[in-house]
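# Reading the structure
Each chain is listed here by its residues.
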Amino acid sequence: MRSTIIMTMDTTSRPVKHTITPQMVIEGAGVKLRRSFGPTRSNPLDPFLLFDNFAFNNPQEGPIAGFPTHPHRGIETVTYMLEGSVRHRDSLGNVGLIGAGDVQWMTAGRGIMHEEMPRRGPSGLIKGFQLWVNLPAAQKMSPPRYQEVKENEISVVKKDGATVRVVAGEFAGVRGPVTDIAAQPLYMDVTLDAGATFSLPTPRGHTVVAYVFEGAGLFGKDATNTEAVKMLVFGDGDSFTAQASPSQPVRFMLMAGAPFKEAIVPYGPFVMNTEAEIYQAFEDLRTGNFVK
Ligand code: FE2
């Protein structure tokens, strides 16, 4: 018997662990959203808490209600628009418009009050995403801050049939403009030409999810066939892999981040670590101490 020594790279592609079909929900003053997941105490996608897809595809729906003034505490919200825009205004005195291709990364920290009002683009459509990322206990009461990134400041990497807009994290040596985020997340908008393959190293133990919103492709170790619109949750491994269908491109938002592994107590727009901290948030609102 011949003995051989096989050198292996010992790297494994992450499998698709499960697939989420986004559910239509009504939020704010009557805004229709596709929600893939929301905050829960079991926190299965730690550090990611919520992922919504604004999808106003029919101008017949009438005026858009938007999200009138509301508070946040203990989280970061990331708004990324594809079409149309969101006008926002907040308790720090910021007023602005998040347009197509722009990103607003808001660290609510100890507290912010804001309103978010979507507007249709020239095509009549509004398309965009809002992701909530948790803050670790030590930063939940940090001062609020914003990182606003215009469309032309987001690096686009074109490589082997992949077009990647890097919002946060790094791809092919290119770093996204959003930095100093507690969860050190990766957040990218990826389009693969028909048949193109894509691979990205992802640290073991990190949470990895992909929101497939256009086209179809094969995802993960088992080449799980996936058609838009689906949220894919990946099991552990060393890399994320995807391949577009041979007959059409595929486009997805890719998110990866290190879990904080802390207990959370979510309540509406607040995500804290204990019930007492949730009560404190309401008390601060009631006594006018929420925003200082
Ligand atoms: Fe908000």
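As shown above, the structure is provided for reference.
Residues numbered from 1 in each chain as written. Predicted model: local features only at pLDDT ≥ 70, side-chain atom pairs only at ≥ 80, totals over all residues. Heavy atoms only, no water.

What follows covers the overall build of the protein. When helices and strands are tallied, the protein shows one helix and 25 strands. Its C-alpha atoms give the protein a radius of gyration of 20 Å, near enough to 19 Å, the size a compact globule of 292 residues would have. With respect to the three principal axes, the spread of C-alpha positions in the protein is 80 × 45 × 30 Å. Considering only contacts in the protein between residues 6 or more positions apart, those separated by 24 or more positions represent 72%. (Helix = DSSP H or I, 4+ residues; strand = E, 2+ residues; numbered from the N terminus. Rg over C-alpha atoms; globule rule 2.2 N^0.38 Å. Contact = heavy atoms within 4.5 Å.)

What follows deals with the pattern of salt bridges. Here the structure, examined in full by the defined rule, presents 13 salt bridges. Glutamate 27 is the partner of arginine 35 in a salt bridge, and the nearest nitrogen-oxygen pair spans 3.2 Å. Note that aspartate 238 and arginine 204 form a salt bridge whose closest N and O atoms lie 3.1 Å from each other. In this pair, aspartate 238 is assigned in the loop between β21 (230-234) and β22 (239-244) and arginine 204 in the loop between β18 (197-201) and β19 (207-219), connecting sequence segments 34 residues apart. A residue is classified by how much of its surface remains accessible, and arginine 204, at 49% relative accessible area, is partly exposed. Via salt bridges that share partners, Glu27, Arg35 and Asp52 belong to a single interconnected network. (Salt bridge = Lys/Arg side-chain N within 4 Å of Asp/Glu carboxyl O. Buried < 20%, exposed > 50% of the residue type's maximum accessible area, 1.4 Å probe, protein only.)

Here we take up the pairing of strand β13 (residues 155-159). Look at any regular strand and the pattern is simple: side chains alternate between the two faces of the sheet. Bridge count for β13 against strand β14 (residues 162-168) is five bridges, and the pairing is antiparallel. The residue of β14 that forms the bridge with serine 155 is valine 166. With antiparallel pairing between neighbouring strands as the criterion, β13 and β14 make up a hairpin whose turn holds two residues, including aspartate 160 at a positive phi of roughly 50 degrees. (Pairing = 2+ DSSP bridges.)

A few words on the nonpolar core. The biggest cluster of nonpolar side chains holds 30 residues, and the ones touching the most others in it are Phe51, Trp105, Phe129, Tyr187, Tyr211, Met253 and Met255. Counting residues per element, the ones that place at least two in this core are β4 (48-56), β6 (75-83), β9 (103-107), β11 (126-134), β14, β19, β21 and β23 (250-257). For methionine 253, the residues in contact, after removing those within four places along its chain, are Phe51, Tyr80, Phe129, Tyr187, Met188, Asp189, Val209, Ala210, Tyr211 and Phe213. If you look at the next biggest cluster of nonpolar residues, it comprises 26 residues, including Phe198, Leu200, Ala210 and Phe240. (Core = buried A, V, L, I, M, F, W, Y, C linked by side-chain atoms within 4.5 Å.)

In terms of residue burial, β21 counts as a mostly covered element, since four of its five residues are buried. Pairing of strand β1 (residues 16-20) with β21, which is carried by four bridges, proceeds in the antiparallel orientation. From the neighbouring strand, histidine 18 faces β21, where its bridge partner is valine 233. Summarising the sheet, β19 and β21 pair through four bridges and their orientation is antiparallel. Bridge pairing in β21 links tyrosine 211 to methionine 231.

With that settled, consider the coordination of the iron ion. Each protein donor to the iron ion is listed here as His70 (NE2), His72 (NE2), His114 (NE2) and Glu116 (OE); together their distances run 2.1 to 2.4 Å. Taken together, the four donor atoms surrounding the iron ion define angles of 85 to 174 degrees at the centre, an arrangement classified as irregular. The motif formed by the donor residues of the iron ion, counted along the single chain, is H-x1-H-x41-H-x1-E. Here histidine 70 is found in strand β5 (residues 67-72), whereas its partner glutamate 116 is found in strand β10 (residues 112-119), with 46 residues between them in sequence. Like glutamate 116, histidine 70 is buried. (Donors = N, O, S within 2.8 Å, 3.2 Å for Na, K, Ca; no water. Tetrahedral: all angles 85-135°; square planar, octahedral: opposite > 155°, others 65-115°.)

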